[in-house]
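Residue-level structure breakdown
This is what each chain is made of:
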Amino acid sequence: MEGFGSDLSSGSSGKMDTGTIMEQVKVQIAVANAQELLQRMTDKCFKKCIGKPGSTLDNSEQKCIAMCMDRYMDAWNTVSRAYNSRLQRERARI
Amino acid sequence: MENQGVTADPQLQQFIEIESQKQRFQQLVHQMTEVCWEKCMDKPGPKLDSRTEVCFVNCVERFIDTSQFILNRLEQTQRSKTSFTESMTD
């Protein structure tokens, strides 16, 4: 996020070239997606693994969270594939 | 503001269109993963078992069906009321 702002201001003498803008937009999108995933994953795995918050994150909770993270990624990929194939089928029908 | 130069660039315009489309896809994947996680996931195990995977796939299909059904039905009810709401929707 800082990179974007500083580059814009440093390039005030001339126009930023299209390639640079596209690269930076791509980075921004990737960051936004990672944040989105992180937030939802934290939410879901907290709910699944932390029954009653204790004084520490104990061993079994950590194991559960690790497993939950992996399954959330599996779920994400499964959903992505299913949605993609649905789109493909609908496109073929038109 | 002064972003005319940006939006007028056809290469950039096309890029933004494609990225927006990709982003809508991603956003819906995030959303459906969350919804279907609640429906399909019991206790996270060492592996995503096939029953759960089938549940996720069905969940995605039915979620999209639901969305389309609602859209169609709303359209239908709107159409049958067109004479009534014409002045409002136009």
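Source: prediction; values computed, not measured. (Residues numbered from 1 in each chain as written. Chains lettered and ligands numbered in written order. Predicted model: local features only at pLDDT ≥ 70, side-chain atom pairs only at ≥ 80, totals over all residues. Heavy atoms only, no water.)

1. Examining the environment of Ala75(A)
Residue position: Ala75(A) is located in helix α3 (residues 59-93). Once residues lying within four places of it in the same chain are set aside, the contact partners of Ala75(A) are Thr33(B), Trp37(B), Leu48(B) and Phe56(B). (Helix = DSSP H or I, 4+ residues; strand = E, 2+ residues; numbered from the N terminus. Contact = heavy atoms within 4.5 Å.)

2. Looking at the packing of helix α2 (residues 18-49) of chain A against helix α2 (residues 10-40) of chain B
Two numbers describe how α2(A) lies on α2(B): the axes approach to 11 Å, and their chain directions differ by 5°. In terms of axis orientation, α2(A) runs roughly parallel to α2(B). Counted by class, the contact of α2(A) with α2(B) contains eight nonpolar, eight polar and 10 charged residues. (Axes fitted to C-alpha atoms, helices over the stretch in contact; angles between N-to-C directions. Parallel < 35°, antiparallel > 145°, perpendicular 65-115°, else oblique. Nonpolar A, V, L, I, M, F, W, Y, C, P; charged D, E, K, R; others polar.)

3. Concerning the confidence of the model for chain A
Residues and elements named next belong to chain A. Per-residue confidence for chain A averages 88 on the pLDDT scale, and 84% of its residues sit at or above 70. Mean pLDDT values over the elements of chain A span from 47, in helix α1 (residues 2-10), up to 96, in α3. Every residue in residues 1-13 is under pLDDT 50, and counting partners more than four places away or in other chains gives eight contacts. (pLDDT = per-residue confidence, 0-100.)

4. Brief notes about the pattern of salt bridges
Residue and element names in this part refer to chain A. Taken as a whole and judged by the stated rule, the model has 14 salt bridges over all chains. Measuring nitrogen to oxygen at the nearest pair gives 2.9 Å for the salt bridge that ties Arg71 to Asp74. Taken as a pair, Arg71 and Asp74 lie in helix α3 at a separation of three residues, close to a single helical turn. You can call Arg71 buried: its relative accessible area is 8%. Glu90 is the partner of Arg86 in a salt bridge, and the nearest nitrogen-oxygen pair spans 2.8 Å. Taken together, the residues Arg86 and Glu90, both in helix α3 and four residues apart, mark about one turn of the helix. (Salt bridge = Lys/Arg side-chain N within 4 Å of Asp/Glu carboxyl O. Buried < 20%, exposed > 50% of the residue type's maximum accessible area, 1.4 Å probe, protein only.)

5. Some words on the interface of chain A and chain B
Of the residues lining the interface, 33 residues belong to chain A; the matching set on chain B comes to 34 residues. Of the roughly 3400 Å² buried between chain A and chain B, counting both surfaces, carbon and sulfur atoms make up 63%. When the buried area of chain A at its contact with chain B is split by residue, Lys48(A), Tyr83(A) and Arg86(A) rank highest and sum to 19% of it. Our enumeration of links across chain A and chain B arrives at eight salt bridges. We note a salt bridge from Glu61(B) to Arg86(A), for which the minimum N-O separation is 2.7 Å. Along the contact surface separating chain A from chain B lie 19 residue pairs in polar contact (both at pLDDT 80 or more). Broken down by secondary-structure element, the contributors of at least two residues to the side of chain A that touches chain B are α2 and α3 of chain A. For the side of chain A that touches chain B, the element with the highest residue contribution is α3(A), accounting for 19 residues. Here the side of chain A that touches chain B is composed, by residue class, of 15 nonpolar, five polar and 13 charged. (Buried area = accessible area lost by both parts, 1.4 Å probe. Polar contact = N/O pair within 3.5 Å; in protein donor to acceptor, adjacent residues only side chain to side chain.)

6. Side note on the side chain of Arg71(A)
In terms of polar contacts, Arg71(A) uses its side chain to reach the backbone carbonyl oxygen of Pro46(B), at 3.1 Å. Discounting residues that sit within four places of it in the chain, Arg71(A) has contacts with Trp37(B), Met41(B), Pro44(B), Gly45(B), Pro46(B), Lys47(B) and Leu48(B).

7. Focus: the packing of α3(A) against helix α3 (residues 50-80) of chain B
To describe two helices that pack against each other, one gives the angle between their axes and the distance between the axes. Following both chains from N to C, one finds α3(A) and α3(B) inclined at 45°, their axes separated by 9 Å at the closest point. Considered as vectors, α3(A) and α3(B) are oriented oblique to each other. Judged by the sense of rotation from one axis to the other, the crossing of α3(A) with α3(B) is right-handed. Seen from α3(A), the contacting residues are Ala75(A), Thr78(A), Val79(A), Arg81(A), Ala82(A), Tyr83(A), Arg86(A), Arg89(A) and Glu90(A); seen from α3(B), they are Glu53(B), Phe56(B), Val57(B), Val60(B), Glu61(B), Ile64(B), Asp65(B) and Gln68(B). (Left-handed = near helix turned anticlockwise from the far one by under 90°.)

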